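Residues per chain, in single letters:
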Amino acid sequence: MLGKSPAKNHLESLVSPFGLVLILTFFTFFLVLTNNSKEDLSTSYGIGEVLGFWQNGFFGLMGFTLQMMMILVFGYALAIFKPVNSFLRSISQIPKNLVTAVLLTASVTLVAGLLNWGFGLIVGALLARFVHEALVEKGIGTNAALLAATGYLGMSVWHGGLSGSAPLTVAEQGHFLEKELGVIPVEATIFSEFNLLITGGLVFVFLLTAWFLAKSGSKSYEGNEAVSLDPMGPGVENNLARVAGLFMLLLVILGVVFGKDQGLGFISLNWINFLLFAVTLIVYRSPVNFSNAVAKGLKSSADIFIQFPFYAGILGLITDSGLLATFAEVSIELISPELFPIFTFFSAGLVNLFVPSGGGQWAIQGPIIFETATALSLDTGKMIMVFAYGDQISNLLQPFWALPLLSITGVSVRKIFPYTLIFFIVGLFWLSMSLFLFF
């Protein structure tokens, strides 16, 4: 069997997520070195000084990196829990035709994605596979690519849900923009009327589009090649992990009942992760099974671990060099307050194609958005959600997060892309129209 050519290997390494963040880092170095952003415009930054900016920022997001890894790892561990798999297999027998199969897959995936993006990604992939297999067994016409596309929809709504990295980050005491932005509670972002209306409408238009595609799409009666699955059950040797999880859950409940925060102010990224940690301990019961499930999830978080220090380095470059202030000044001069939200939305969607991580992207774009929004007297809570919408919708064009789904379902990216493109166009239209109407 012939291997790939060296030229093709070089190209693939460049367009990989890690390759792209390296290119983005070098590009930012170039911008900083060529930008005279000091008061004395005749003086530019030296290479040593710029390297210092980058090095100072490199480890600036360590806590945030761990938070992002945890939210994916625990979501993944819960998704591969054997009872969850059994439940998905049982409901996959419900559909009697492709239309109900697609609507079921889309509905469950969207709800799961709003709860937790890692959970939604794996649950959507598993359900798409199980539903397709059930239809084939019954001799009913199916469409593996369309089912896989609907199983990916959770990644197009996640940033407006309970695991949205940008809104949860700014709700956290001590987040990396707290000095400039302060702490913004989730009442002003995730649970705002603005987000509930827009995200609810997005779910509706996605379901309507899924129904239309299922009615008009092609059908087949063949199975699909996919990797074998290895769900994990609870341990039987002891209940130590369950006891620890119940204790942690008790702390969560006591914090909600007797905590200082009023309303939904207690919800933050750390709170979500603490709750997920407790629930995962409870369901796996023993330390051994819990550790094994988490170890599987950790493999899926490797890219976050590798890439986030470079995102932090980019943040250090654009902040310490004054490039951030320059970007903000240019935006203020060129863009009116009425157009800045839609500009932010489209720019977030574009950047997400190159920086396929909502958390890493927020680290880079968040400061710029905040500086400009403050100068233009715009609602910062709404602007955070505008960024979130742009980041999530272009996931439908970004194959990075679809890799686990493609592996589980056995569907190629070439087959799934026409459907995700349609969902992207419909979602883009709804979100753009909503920003003009409701911002």
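In case you missed it, the structure is sitting above this.
None of these values were measured; they are calculated from a predicted model. (Residues numbered from 1 in each chain as written. Predicted model: local features only at pLDDT ≥ 70, side-chain atom pairs only at ≥ 80, totals over all residues. Heavy atoms only, no water.)

Draft legend 1. Spatial organisation of the overall build of the chain. Summing up its helical and strand segments, the chain has 21 helices and zero strands in all. For the chain, with 439 residues in total, the buried portion stands at 52%. The long-range fraction of contacts in the chain, counting pairs at least 24 apart against all pairs at least 6 apart in sequence, stands at 83%. (Helix = DSSP H or I, 4+ residues; strand = E, 2+ residues; numbered from the N terminus. Buried < 20%, exposed > 50% of the residue type's maximum accessible area, 1.4 Å probe, protein only. Contact = heavy atoms within 4.5 Å.)

Draft legend 2. Quick look at the side chain of Thr 209. Structurally, Thr 209 can be placed in helix H11 (residues 193–216). The class for Thr 209 is buried, based on a relative accessible area of 10%. A polar atom in the side chain of Thr 209 sits 2.7 Å from the backbone oxygen of Val 205. When residues no more than four places from it in sequence are discounted, the contact partners of Thr 209 are Ile 422, Phe 423 and Val 426. (Polar contact = N/O pair within 3.5 Å; in protein donor to acceptor, adjacent residues only side chain to side chain.)

Draft legend 3. Structural context of the packing of aromatic side chains. Tallied over the full model, the rule gives 17 aromatic pairs. A centroid spacing of 5.9 Å and a plane angle of 80° characterise the contact between Phe 206 and Phe 423, whose relative ring orientation is edge-to-face. Taken as a pair, Phe 206 in helix H11 and Phe 423 in helix H21 (residues 413–438) lie far apart in primary sequence, 217 residues in all. On the numbers, 5.7 Å between centres and 20° between planes, the contact of Phe 277 with Phe 290 is stacked. In this pair, Phe 277 is assigned in helix H13 (residues 269–284) and Phe 290 in helix H14 (residues 287–300), connecting sequence segments 13 residues apart. Judged by its relative accessible area of 11%, Phe 290 is buried. Among the aromatic residues, those joined into a ring-pair cluster are Phe 29, Trp 54, Phe 58, Phe 59 and Phe 310. A cation over a ring is seen here: Lys 382 above Phe 439, with NZ or CZ 5.6 Å from the ring centre. (Phe/Tyr/Trp six-rings, centres within 6.5 Å; stacked < 30°, edge-to-face > 60°. Lys NZ or Arg CZ within 6 Å of the ring centre and 35° of its normal.)

Draft legend 4. Spatial organisation of the packing of helix H5 (residues 82–91) against helix H7 (residues 117–138). Orientation of H5 relative to H7, taken along the N-to-C sense of each, is 40°, at an axis distance of 8 Å. What the angle tells us is that H5 and H7 run oblique. The crossing of H5 and H7 is right-handed. In contact with Val 84, Asn 85, Leu 88, Arg 89 and Ile 91 of H5, H7 contributes Val 123, Leu 126, Leu 127, Phe 130 and Glu 133. (Axes fitted to C-alpha atoms, helices over the stretch in contact; angles between N-to-C directions. Parallel < 35°, antiparallel > 145°, perpendicular 65-115°, else oblique. Left-handed = near helix turned anticlockwise from the far one by under 90°.)

Draft legend 5. Region of interest: the pattern of salt bridges. Within the structure shown, the criterion is met by two salt bridges. The closest approach of N and O atoms between Glu 133 and Arg 89, which form a salt bridge, is 3.8 Å. Placement of the pair is Glu 133 in helix H7 and Arg 89 in helix H5, with a sequence separation of 44 residues. Glu 133 sits in the partly exposed class, given a relative accessible area of 25%. Beyond isolated ion pairs, a larger network of salt bridges with shared partners links Arg 89, Arg 129 and Glu 133. (Salt bridge = Lys/Arg side-chain N within 4 Å of Asp/Glu carboxyl O.)

Read these as geometric descriptors, not functional statements.
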